[in-house]
Protein chains: 2
Amino acid sequence: MREVAQLAGVAMSSVSRVLSGHPDVSVGMQSRVLAAVAELGYQPDLLAQSLRRQETMTIGFAVGDISNQLFAEIVASAETTLRTAGYSMLLTNSEASAELDAAHIRLLAQRRVDGIILSVGDEQNPDTLAALERLDVPVVILDRDVPMPGAVNVFSDHRRGMRQAVAHLLDLGHRDIAMINGQTLRPARERRAALEACYEERGLPPTYRFVDGTFSVEFGARAAGDLLSQEHPPTAIIAGGNQLMLGSLKVLRARGLRLGRDISFVGCDDIPVSELYDPPIAVVRRDTAAMGHSAAELMLALLAGEPVEDVTLPSEFVARASCGPVAKT
Amino acid sequence: MREVAQLAGVAMSSVSRVLSGHPDVSVGMQSRVLAAVAELGYQPDLLAQSLRRQETMTIGFAVGDISNQLFAEIVASAETTLRTAGYSMLLTNSEASAELDAAHIRLLAQRRVDGIILSVGDEQNPDTLAALERLDVPVVILDRDVPMPGAVNVFSDHRRGMRQAVAHLLDLGHRDIAMINGQTLRPARERRAALEACYEERGLPPTYRFVDGTFSVEFGARAAGDLLSQEHPPTAIIAGGNQLMLGSLKVLRARGLRLGRDISFVGCDDIPVSELYDPPIAVVRRDTAAMGHSAAELMLALLAGEPVEDVTLPSEFVARASCGPVAKT
DNA sequence: CGGATACTGAAAAACGATTTCTCGACCCGA
DNA sequence: TCGGGTCGAGAAATCGTTTTTCAGTATCCG
């Protein structure tokens, strides 16, 4: 910057004024400075700028597993929105470990990010909560019930889509429905609640079952295997999450079961395989781009000091041939 | 930091020494400082640290499309390796735009990242090359032929896997093989070269064809559609990339073609759908985790000033039922 | 011509750390 | 007891910018 000032024959303060759009600059000086900047290819050091301005123009994004299609799409969409507004994104991947969640929140704070968007792997972890508590920057939480006062939430309305899904199965005559879920997180709770509500509304006895474990392909496979090996396997399986869906499908396929005929199946998240599977798989779909975009928009609003409210985005059931009438025994 | 120094009754420089492991610290002072740090919950400002130390402990990762499964896995793996070494990752998503590529490189430079890992969408774009030229930090390039002197590369050996694939198809009697590719980038060139080499080695006339466009689901669908609508459609299609594969599959499926019987098909990248499709899809597979890990390791070595060489990771053909003997006409 | 207005320069004080320099205290051997 | 070496810690400079303050010049207006 000193060189620029020298070349343009002005004071450093003037260079700063020109570059940061201060009103008191004459066109003459402006052009001289800009010419010098262009000639030297000068680019202000964002680090020094951040230190002085006390804002980094950086948003931390702490995600559970970026290699999960769902998160990848959310991140992509959020990054676009943030970048358009001049922010960069610092990404941390916790590999579904609660300890890393907390460590990452602290790390992001230490890096003085202007805000944090996160999706934790454990809603109650005291360490994570403590780390969040100490934060003095805006926080947007993705689809989790984290007891944190200041945070703003982007929820998915899992219930709506899941109720449609269960209603569809009930209409097809299914009564013995099994739902596979991962950790006890908001999405899982919502899905369970939707299933229970559907039975109750119709005055049906609770002849469903739940299998809970982790949101992983492996557990999806194991859970599906266990269900099928029971004396009375369910007539329909709902996999709560795309990883669980992938795992379940492997097993269903290995056993030679034809979906929609031998057993009905509903997945979550409309990933490529859902549409391309034979038969196509009915899923509860949500708009990942909207989730990322909303999270970013909320963050920007918080940073601008605007009043904001939690956002709830819809989900919808996409009926496909993987659901069929219950097989007559 | 001043408060810590005050509470501990020492100078700020002593606090710094304790915290950054300087040898000249007495145990008495150390314990007093640490006690003060703990009491105040003090965490050094990484921003100020970066400014002074002239290193940010941050690596920029400029990727084409993070929502592409391939990149998502690479990023996840690289992030883990970098984080373990104490680095954070600044992620930019160029949405396959060459202009954004260049802008992002400049942005990362301005943020004073310690190094950049990137996968550009255009190997020759002069703006991008100019931006790279000006960089004075280590650069690791993912599977691209970018004419940049100092950069270190992580290549995929697409040829090996593709030659196996083509050999497999030729063995099955296919002669009219069509290959769909995206932009002219290293992976596409390698795949083409492998195909040509296979024919030539066997002394076969070049009865293959290439269709080039963009690496997108849409183009994959369009290209496959065009091929099938021709008077003499190919007896086998190779899709060069997972997005192209997804697009092609949609069309093949819509036309009711049974893979491995009516037409043979080879995809790229072993994404979930390949294994779960009916029939399972033969693919040229590569180890995404290894790619991300290698890129990160190379970066760390460069940062440590160690001598490094380009890395080439293998690919392999996974034969599956989507390839069958050529249909007798 | 007086005074308001607009611009610019120079200098200094941040921002929050690290690092160099310097100096005092202490120990040891002669 | 003194010189030299080591150890430990404070003071001050530094990283690259922004911001503030103040002063000063030039221009403009009536």
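Quick caveat: nothing in here was measured; it's all calculated off a predicted structure.

Visitor: Can you help me understand the protein's contact with DNA strand C in this one?
Guide: Taken together, the neighbourhood of DNA strand C is formed by 25 residues, with A:S14, A:S26, B:S16, B:D45 and B:Q49 sitting nearest. Within 4 Å of the protein, the atoms of DNA strand C are drawn from sugar and phosphate moieties in a proportion of 63%. One of the side-chain N or O atoms of A:Q54 is found 3.1 Å from a phosphate oxygen in DNA strand C. Among the residues making up the surface near DNA strand C, the classes are represented as ten nonpolar, eight polar and seven charged.

Visitor: What should I look at first to understand the sheet that holds strand 7 (residues 209-212) of chain B in this one?
Guide: Paired through their backbone hydrogen bonds, the strands of a sheet run either parallel or antiparallel. Residue and element names in this part refer to chain B. Pairing within the open sheet is mixed, and its six strands lie in the order 7-6-8-9-10-12. At either end of the open sheet lies a strand with only one pairing partner, and these are strand 7 and strand 12 (315-318). Each neighbouring strand pair of the sheet contributes to a mean axis angle of 15 degrees, computed without reference to strand direction. Two strands pair when backbone bridges link them, and strand 10 (residues 282-286) and strand 12 are joined in this way by four bridges, in the antiparallel orientation. Across the sheet, R286 pairs through a bridge with S315, a residue of strand 12.

Visitor: Sorry, what's going on with the relation of the copies chain B and chain A here?
Guide: What connects the two chain copies is a rotation about an axis and a shift along it. After a rotation of 180 degrees and a shift along the axis of 0.1 Å, chain B superposes on chain A with an RMSD of 0.2 Å. Expressed as an axis order, the relation between the two copies is that of a two-fold axis.

Visitor: Please explain the interface of chain B and chain A as it appears in this structure.
Guide: By a widespread convention, an interface's size corresponds to the accessible area lost as its parts come together. Residue-level contacts link 51 residues of chain B with 51 residues of chain A. Interface of chain B and chain A: buried area, both sides summed, is about 4,600 Å²; carbon and sulfur atoms make up 55% of it. Taking the shortest distance from any N to any O, the salt bridge between A:R112 and B:D45 comes out at 3.1 Å. Here chain B and chain A share 35 residue pairs in polar contact (both at pLDDT 80 or more) between them. If you list the elements that add at least two residues to the side of chain B that touches chain A, you get helix 4 (46-53), helix 5 (69-84), strand 2 (88-93), helix 6 (98-110), helix 11 (242-254) and helix 12 (272-276) of chain B. The element contributing the most residues to the side of chain B that touches chain A is helix 5 of chain B, with eight residues. Classifying every residue of the side of chain B that touches chain A by side-chain character gives 24 nonpolar, 14 polar and 13 charged. Here three bridges tie strand 2 (residues 88-93) of chain A to strand 2 of chain B, and the two strands are oriented antiparallel to one another. Pairing of A:L91 across the sheet is with B:M89, part of strand 2 of chain B.

Visitor: Help me out: how do you make sense of the protein's contact with DNA strand D in this one?
Guide: Not every one of the 23 residues close to DNA strand D is listed here, only the nearest: A:R52, B:A11, B:S14, B:R17 and B:R52. Restricting attention to atoms of DNA strand D within 4 Å of the protein, one finds that 64% of them are sugar or phosphate atoms. Take B:S26: an N or O atom from its side chain is 3.0 Å from a phosphate oxygen of DNA strand D. Secondary structure elements with two or more residues in the surface near DNA strand D: helix 2 (12-19) and helix 4 (46-53) of chain A together with helix 2 (12-19) and helix 4 of chain B. A per-element tally of the surface near DNA strand D places helix 4 of chain A first, with four residues. Class assignment of the residues belonging to the surface near DNA strand D gives a composition of ten nonpolar, seven polar and six charged.

Visitor: Hey, could you run me through helix 9 (residues 186-201) of chain B in this one?
Guide: Residues separated by three or four positions in an α-helix point in the same direction, a consequence of the helix having 3.6 residues per turn. All names here are of chain B. With 16 residues, helix 9 extends 22 Å from end C-alpha to end C-alpha; this agrees with the ideal 22 Å at 1.5 Å per step. Summarising the contacts, the buried residues of helix 9 are in contact with strand 5 (152-156), helix 8 (158-171), strand 6 (177-181), strand 7, strand 9 (264-268) and strand 10. Looking one or two residues past helix 9, G203 carries a phi angle of roughly 70 degrees, positive in sign.

Visitor: I keep staring at the packing of helix 2 of chain B against helix 3 (residues 27-40) of chain B and nothing clicks. Help me out?
Guide: In a pair of packed helices, the angle between the axes and the distance between the axes together describe the arrangement. Residue and element names in this part refer to chain B. The contact between helix 2 and helix 3 brings their axes to 10 Å, and the two run at 90 degrees. Relative to helix 3, the element helix 2 lies roughly perpendicular. Contacts from S14, V15, V18 and L19 of helix 2 reach helix 3 at M29, Q30, V33, L34 and V37. Residues that form the contact of helix 2 with helix 3 fall into these classes: seven nonpolar, two polar and no charged.

Visitor: Could you clarify how one ought to interpret the domain arrangement of chain A in this entry?
Guide: Residue and element names in this part refer to chain A. Assigned domains within chain A: domain 1 (2-44), domain 2 (56-156 + 289-313) and domain 3 (158-287). Using only C-alpha atoms to locate each centre, domain 2 and domain 3 end up separated by 29 Å. Across the domain 2/domain 3 interface, buried area totals approximately 1,200 Å², and carbon plus sulfur atoms make up 45% of it. There are four salt bridges connecting domain 2 and domain 3. Across the pair D145 and R189 runs a salt bridge, and its minimum N-O distance is 3.0 Å.

Visitor: Can you help me understand the packing of aromatic side chains in this one?
Guide: Each pair of aromatic rings is reported with the distance of its centres and the angle of its planes. Residues and elements named next belong to chain A. Applying the stated criterion across every chain yields a total of four aromatic pairs over all chains. Where Y199 meets Y208, the ring centres are 4.7 Å apart and the plane angle is 75 degrees; that geometry is what we call edge-to-face. Among the aromatic residues, those joined into a cluster by ring pairs are Y199, Y208 and F210. A cation over an aromatic ring shows up here: R192 above the ring of F210, its NZ or CZ 3.9 Å from the ring centre.

Visitor: Explain the sheet that holds strand 2 of chain B here, please?
Guide: Strand order in the open sheet formed by twelve strands is 11(A)-5(A)-4(A)-3(A)-1(A)-2(A)-2(B)-1(B)-3(B)-4(B)-5(B)-11(B), with mixed pairing between adjacent strands. In this open sheet, the two strands that pair with only one neighbour each are strand 11 (311-313) of chain A together with strand 11 (311-313) of chain B. Across the sheet, the axes of successive neighbouring strands diverge by a mean angle of 20 degrees, strand direction being ignored. Bridge count between strand 4 (residues 139-142) of chain B and strand 5 of chain B: three bridges; the pairing is parallel. Residue B:V140 lies in a different strand from strand 5 of chain B, and its bridge partner there is B:V152. Along the sheet, helix 6 of chain B contacts strand 2 of chain A together with strand 1 (58-63), strand 2 and strand 3 (115-118) of chain B; its crossing angle with strand 2 of chain B, the most-contacted strand, is approximately 155 degrees.

Visitor: What's the story with the packing of helix 8 (residues 158-171) of chain A against helix 9 (residues 186-201) of chain A in this structure? I'm lost.
Guide: Residues and elements named next belong to chain A. Where helix 8 contacts helix 9, the axes come no closer than 8 Å and their chain directions differ by 40 degrees. One way to sum up the angle between helix 8 and helix 9 is to call them oblique. As helix 8 packs across helix 9, the resulting crossing turns out to be right-handed. Every residue of helix 9 that contacts helix 8 at H158, R159, M162, R163, V166, A167 and L170 is listed here: P187, E190, R191, A193, A194, L195, A197, C198, Y199 and E201.

Thresholds, definitions, all that
Residues numbered from 1 in each chain as written. Chains lettered and ligands numbered in written order. Predicted model: local features only at pLDDT ≥ 70, side-chain atom pairs only at ≥ 80, totals over all residues. Heavy atoms only, no water. Near = heavy atom within 4 Å. Polar contact = N/O pair within 3.5 Å; in protein donor to acceptor, adjacent residues only side chain to side chain. Nonpolar A, V, L, I, M, F, W, Y, C, P; charged D, E, K, R; others polar. Pairing = 2+ DSSP bridges. Helix = DSSP H or I, 4+ residues; strand = E, 2+ residues; numbered from the N terminus. Axes fitted to C-alpha atoms, helices over the stretch in contact; angles between N-to-C directions. Least-squares fit on C-alpha atoms with pLDDT ≥ 70 in both. Contact = heavy atoms within 4.5 Å. Buried area = accessible area lost by both parts, 1.4 Å probe. Salt bridge = Lys/Arg side-chain N within 4 Å of Asp/Glu carboxyl O. Expected span 1.5 Å × (residues − 1). Parallel < 35°, antiparallel > 145°, perpendicular 65-115°, else oblique. Domains from an automatic or database assignment. Phe/Tyr/Trp six-rings, centres within 6.5 Å; stacked < 30°, edge-to-face > 60°. Lys NZ or Arg CZ within 6 Å of the ring centre and 35° of its normal. Left-handed = near helix turned anticlockwise from the far one by under 90°.

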